[in-house]
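Structural features, examined
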Amino acid sequence: NPENASACNELAWLYATAPDELRDGTMAVEFAEKAVAIESDNALYQHTLVVAYTRAGQHEKAVAAAPRQVADDADWRATLAGYALAISQSKLGDSTSSAETYSKALRRHKEQLARLNPYDALELKNTRTEAMTQLLGAPPAEVFARAHQLARAGTWNAAATEFGRALKIYPD
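Rules behind the numbers
- Residues numbered from 1 in each chain as written.
- Predicted model: local features only at pLDDT ≥ 70, side-chain atom pairs only at ≥ 80, totals over all residues.
- Heavy atoms only, no water.
- Helix = DSSP H or I, 4+ residues; strand = E, 2+ residues; numbered from the N terminus.
- Rg over C-alpha atoms; globule rule 2.2 N^0.38 Å.
- Buried < 20%, exposed > 50% of the residue type's maximum accessible area, 1.4 Å probe, protein only.
- Contact = heavy atoms within 4.5 Å.
- Areas by Shrake-Rupley, 256 points an atom, 1.4 Å probe, with all protein chains shown as cover.
- Lys, Arg positive; Asp, Glu negative; His and termini not counted.
- Charge placed at Lys NZ, Arg CZ, Asp CG, Glu CD.
- Axes fitted to C-alpha atoms, helices over the stretch in contact; angles between N-to-C directions.
- Parallel < 35°, antiparallel > 145°, perpendicular 65-115°, else oblique.
- Left-handed = near helix turned anticlockwise from the far one by under 90°.
- Nonpolar A, V, L, I, M, F, W, Y, C, P; charged D, E, K, R; others polar.
- Phe/Tyr/Trp six-rings, centres within 6.5 Å; stacked < 30°, edge-to-face > 60°.
- Lys NZ or Arg CZ within 6 Å of the ring centre and 35° of its normal.
- Salt bridge = Lys/Arg side-chain N within 4 Å of Asp/Glu carboxyl O.

Let us look at the overall build of the protein. For the protein, the count of helices and strands is nine helices and zero strands. Tracing the protein from N to C terminus, the helices and strands come up as α-α-α-α-α-α-α-α-α. Its C-alpha atoms give the protein a radius of gyration of 17 Å, near enough to 16 Å, the size a compact globule of 172 residues would have. Once the C-alpha set of the protein is aligned to its principal axes, its extents read approximately 65 × 35 × 30 Å. Taken over 172 residues, the protein has a buried fraction of 44%. Restricting the contact set of the protein to residue pairs at least 6 apart, pairs at least 24 apart contribute 58%. As displayed, the protein offers around 8900 Å² of accessible surface, 53% of which is attributable to carbon and sulfur atoms. Computed over 18 positive and 22 negative side-chain charges, the inter-centroid distance for the protein is 8 Å.

If you want it as structure tokens, here you go:
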């Protein structure tokens, strides 16, 4: 039913968080916008819209659509939306906001981990990895490997800078 906000939101979520080969940001946006149009005050639907916009590469819209509390909400989907928002903020060049949003989402992620089913835990982990890669400019393993190479080459200050940068994003 295209007038059912919950159904539209669930379809949007599926399109936005499906495995890469099935993911469709454009369809996610279409259904998320419908859900929010029907129930504009529903925070869960707003979180889905942020994720959908990010997946569709519409980063300015993702930032504009984000509720203030996106990374503070206790729902795990809000945490995923926090990671998506951090990606969009980073893509737009706002490294300060993206780092803050990422840190809030990471705190929530750690609090929620024990309560998540395996599928949701994996989706959150994958989106966190995507956010880390965006914020670091490379996958975390590559950043740590580069820092290790710098240390082995005796360029200690550069190595310390790389390790410090990576540990801010990937403290565990």
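Closest axis-to-axis distance for the helix 1 (residues 5–17)/helix 2 (residues 25–38) pair is 8 Å, and the angle between their directions is 155 degrees. One way to sum up the angle between helix 1 and helix 2 is to call them roughly antiparallel. Where helix 1 crosses over helix 2, the two elements pack in a sense that is left-handed. Together, Ala5, Cys8, Asn9, Leu11, Ala12, Tyr15 and Ala16 of helix 1 and Met27, Ala28, Phe31, Ala32, Lys34, Ala35 and Ile38 of helix 2 make up the contact between the two elements. Tallied by class, residues from the contact of helix 1 with helix 2 come to twelve nonpolar, one polar and one charged.

The full count for this structure, using the stated rule, is four aromatic pairs. With a centroid separation of 5.5 Å and 45 degrees between ring planes, the pair formed by Tyr83 and Tyr102 is classed as tilted. Residue Tyr83 is found in helix 5 (residues 76–91), and its partner Tyr102 is found in helix 6 (residues 95–112); the two are separated by 19 residues along the sequence. Judged on exposure class, the residue Tyr83 and its partner Tyr102 are both buried. Both rings, one in Phe144 and one in Phe163, keep their centres 6.2 Å apart while their planes meet at 40 degrees; by these two values the pair is tilted. Highlighted residues: Phe144 in helix 8 (residues 140–152) and Phe163 in helix 9 (residues 156–169), separated in sequence by 19 residues. Exposure remark for Phe163: the relative accessible area of 29% places this residue in the partly exposed category. Residue placement shows Arg77 over the ring face of Trp13; its charged tip is 4.5 Å from the ring centre.

Our next topic: the pattern of salt bridges. In total, this model carries nine salt bridges according to the counting rule given. With a shortest N-O distance of 3.4 Å, Glu10 and Arg77 are connected by a salt bridge. Taken together, the residues Glu10 in helix 1 and Arg77 in helix 5 connect sequence positions 67 residues apart. The buried category is assigned to Arg77, whose relative accessible area is 13%. Between Arg23 and Glu123 there is a salt bridge, and its shortest N-O distance comes to 4.0 Å. Residue Arg23 is found in the loop between helix 1 and helix 2, and its partner Glu123 is found in helix 7 (residues 118–136); the two are separated by 100 residues along the sequence. Since its relative accessible area comes to 24%, Arg23 is described here as partly exposed. Three or more residues joined by partner-sharing salt bridges are found here, namely Asp20, Arg23, Arg55, Glu123 and Glu130.

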